[in-house]
Amino acid sequence: MTSERPQVQWTDDDGQPQRAPWVSPAGHPPPRRVQVVDDSLGADAAFQLAQAGTGLLWVGDFHNARMLLQALGRRLESRARRTPPPAGPGQAFEAQRRAQAERARVLGMVLLPFEADHRVPLRRAPEVRAAVAQAVGPMDSHYVASLRELQGLVGAFEWRKKGVEVPALGAGARIHPHHGVFSPVRGEYVELVARAPLPAAAQAAGAFDIGTGTGVLSAVLARRGVRPVLATDLAPQALACARENLERLGLADAVQVLAADLYPEGRAGLVLCNPPWVPAPKGTPLEAAVYDPDSRMLRGWLAGLAAHLVPGGEGWLILSDLAEHLGLRTRAELLRWVGEAGLQVLGRLDTRPTHRRAADAEDPLHAARAAELTSLWRLGVAVRPEQPARDARPQDVQRLAAPAPAAPRARPA
């Protein structure tokens, strides 16, 4: 409801105090100070105000607001180029996170007024009501939101309409990600699930897909004949997204989507999980698909796996080793968690990422991205739980041919 949202306050041209609800689907806090500005504001002055934490409530021409946002971005990029590069990959990662957070903070200070029906009441403003309504929901009063978030909502709206082609689901099959749900544009991890040998137990006892997101991996398993598949997630937007995609693909009868914190009740012959790959704090709720603070989801999934596998069942862990190259997690830690959960490594399938960042030498994390492997770890219940987990022997590791290049990312990895 509108009344439950935080408020922003400002003074109008007549010196009268004004206030309105603050809307941020990404979960950004409202600026503490807000100043009404228009086309007369120069980029340098705007940059100083935004850096100092003043929200700039734009009442001029919409296209000029977009140009101002671009000008602020150029100033941030110029400042970043003057900063000495960090010494190592871990320091480069931390520096990039700080730069991203600062960029989001400064650019998020360009604010727009919205009517209750999500219309932007500015000159030359585009029609955005459908895109905003899809992410924000109904409002009963005017409100304020950032221009940068509006651009993200419009982009997500277009992605949802167009969808992402997933060859593993068949010719022309597409997944349509909702706003706030991670898009499966990194096709290599989907290909791993499509090509890994299914355990016999999966055909007999079905599968669990833990943290299903868009439902893409549940759909892949169902296409491979696994029945039933139980897909779980905690995020309401992910549950709605998965159900819609499975219905669109004609797989709603094969996959049941459930709200659960990790596991549903019971056991399965295959338990799949593609947790967030980077063990670092998330800055906003939208980053939950990328960052897993202290590897909590990964460790929780491992700890519960043995209790949810039927005899002969397997757990499939989809995980990039980017965190290892960044010094955020070691292979020894991962294997220790596997062993402590009473599990053993049965095998591993590896593939290299094909997204554009992996080949971008200008990326501050290029060295880590160039060395990255995405793996499907096949895990089973250890015969002797006291025996430490081992990494897969060379003969157990399969290298898959690189999949077809993925579509551009909807969000950064």
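Figured I'd write up the structure that's included with this text. Being a predicted model, the structure only gives us computed values, none of them experimental. (Residues numbered from 1 in each chain as written. Predicted model: local features only at pLDDT ≥ 70, side-chain atom pairs only at ≥ 80, totals over all residues. Heavy atoms only, no water.)

### Remarks on helix α6 (residues 187–195)
What counts is decided by this rule: Note on classification: 1.4 Å probe, protein chains only; a residue is buried when its accessible area is under 20% of the maximum for its type, exposed when over 50%, partly exposed between these limits. Working definition: helices are DSSP H or I runs of at least four residues, strands are E runs of at least two. Numbering for both runs from the N terminus. It only takes one pair of heavy atoms within 4.5 Å for two residues to be counted as in contact.
Along α6, 7 of the 9 residues are buried, which leaves the element largely enclosed by surrounding structure. Of the positions making up α6, those classed as buried are Gly187, Glu188, Tyr189, Val190, Glu191, Leu192 and Val193. Looking at the buried positions of α6, the neighbouring elements they touch are α8 (216–223), β12 (268–273), β13 (309–320), β14 (343–351) and β15 (374–381).

### Considering the pattern of salt bridges
How we decide: Any Lys or Arg side-chain nitrogen located within 4 Å of an Asp or Glu carboxyl oxygen qualifies as a salt bridge.
With the rule as written, the count across this model stands at 21 salt bridges. Between Arg105 and Glu102 there is a salt bridge whose closest N-O contact spans 3.1 Å. Taken together, the residues span about one helical turn, with Arg105 and Glu102 both in helix α3 (residues 89–107) at a distance of 3 residues. In this structure Arg105 comes out as partly exposed when scored by relative accessible area, which is 32%. You can call Glu102 partly exposed: its relative accessible area is 23%. Salt-bridge contacts for Arg378 lead to Glu314; the nearest nitrogen and oxygen are separated by 2.8 Å. Placement of Arg378 in strand β15 and of Glu314 in strand β13 is noted, with a sequence separation of 64 residues between them. Residue Glu314 is classed as buried on the basis of its relative accessible area of 8%. One connected set of salt bridges, linked through shared partners, spans Arg79, Glu102 and Arg105.

### So, the pairing of strand β11 (residues 255–259)
Put simply, the rule reads: Criterion used throughout: strands pair if DSSP finds at least two bridges between them. A right-handed crossover is one whose linking path, passing over the helix from the first strand to the second, runs clockwise when the strands point away from the viewer.
Of the strand pairs in this sheet, strand β10 (residues 229–233) and β11 are connected by 5 bridges, and their pairing is parallel. Among the inter-strand pairings, Leu230 is bridged to a residue of β11, identified as Gln256. On the question of chirality, the crossover connecting β10 to the parallel β11 by way of helix α9 (residues 236–248) is right-handed.

### Description of the sheet that holds strand β3 (residues 33–37)
Using the following cut-off: Every axis corresponds to a line fitted to the C-alpha atoms, with the helix fit spanning only the stretch in contact, and the corresponding angles, defined between N-to-C directions, vary from 0 to 180 degrees.
Pairing within the open sheet is mixed, and its 4 strands lie in the order β3-β4-β5-β6. This sheet does not close on itself; its edge strands, each paired only once, are β3 and β6 (143–146). Put simply, the sheet's adjacent strands are angled 35° from each other on average, direction ignored.

### Describing the nonpolar core
Quick reminder of the rule: Residue types Ala, Val, Leu, Ile, Met, Phe, Trp, Tyr and Cys, when buried and joined through side-chain atoms within 4.5 Å, form a set referred to as a nonpolar core.
Formed by 69 residues in total, the largest nonpolar core has its most connected members in Leu169, Val193, Leu221, Val271, Trp301, Leu302 and Leu379. Counting residues per element, this core draws most heavily on α8, at 6 residues. Non-local contacts of Leu221, meaning those with residues more than four positions away in its chain, are made with Val193, Leu198, Ala207, Val226, Val229, Leu270, Leu272 and Trp316. Within the second largest apolar cluster, 33 residues are counted, among which are Val37, Ala46, Val128 and Met139.

### As for the packing of aromatic side chains
The test is simple: Note on aromatic contacts: the rings of Phe and Tyr and the six-membered ring of Trp form a pair at centre separations within 6.5 Å, being stacked when their planes are under 30 degrees apart, edge-to-face when over 60 apart, and tilted otherwise.
Enumeration over the complete set of coordinates arrives at 2 aromatic pairs. Ring geometry for Phe114 and Tyr143: centres 4.9 Å apart, planes at 5°, overall stacked. Within this pair, whereas Phe114 is found in strand β5 (residues 110–114), its partner Tyr143 is found in strand β6, the two being separated by 29 residues in sequence. Ring geometry for Tyr189 against Trp277: centres 6.1 Å apart, planes inclined by 85°, an arrangement best described as edge-to-face. Taken together, the residues span a long stretch of sequence, with Tyr189 in helix α6 and Trp277 in the loop between β12 and α10 (296–305) at a distance of 88 residues.

### A look at the pairing of strand β9 (residues 207–210)
Burial along β9 is two-sided: the residues Ala207 and Asp209 and Phe208 and Ile210 are all buried. Here β9 pairs with β12 via 4 bridges, running parallel. Counted as the bridge partner of Ala207 is Leu270 from β12. Where β9 lies against β10, 4 bridges are found, and the strand directions are parallel. The residue of β10 that forms the bridge with Phe208 is Leu230. Viewed along the sheet, the connection from β9 through α8 into β10 turns out right-handed.

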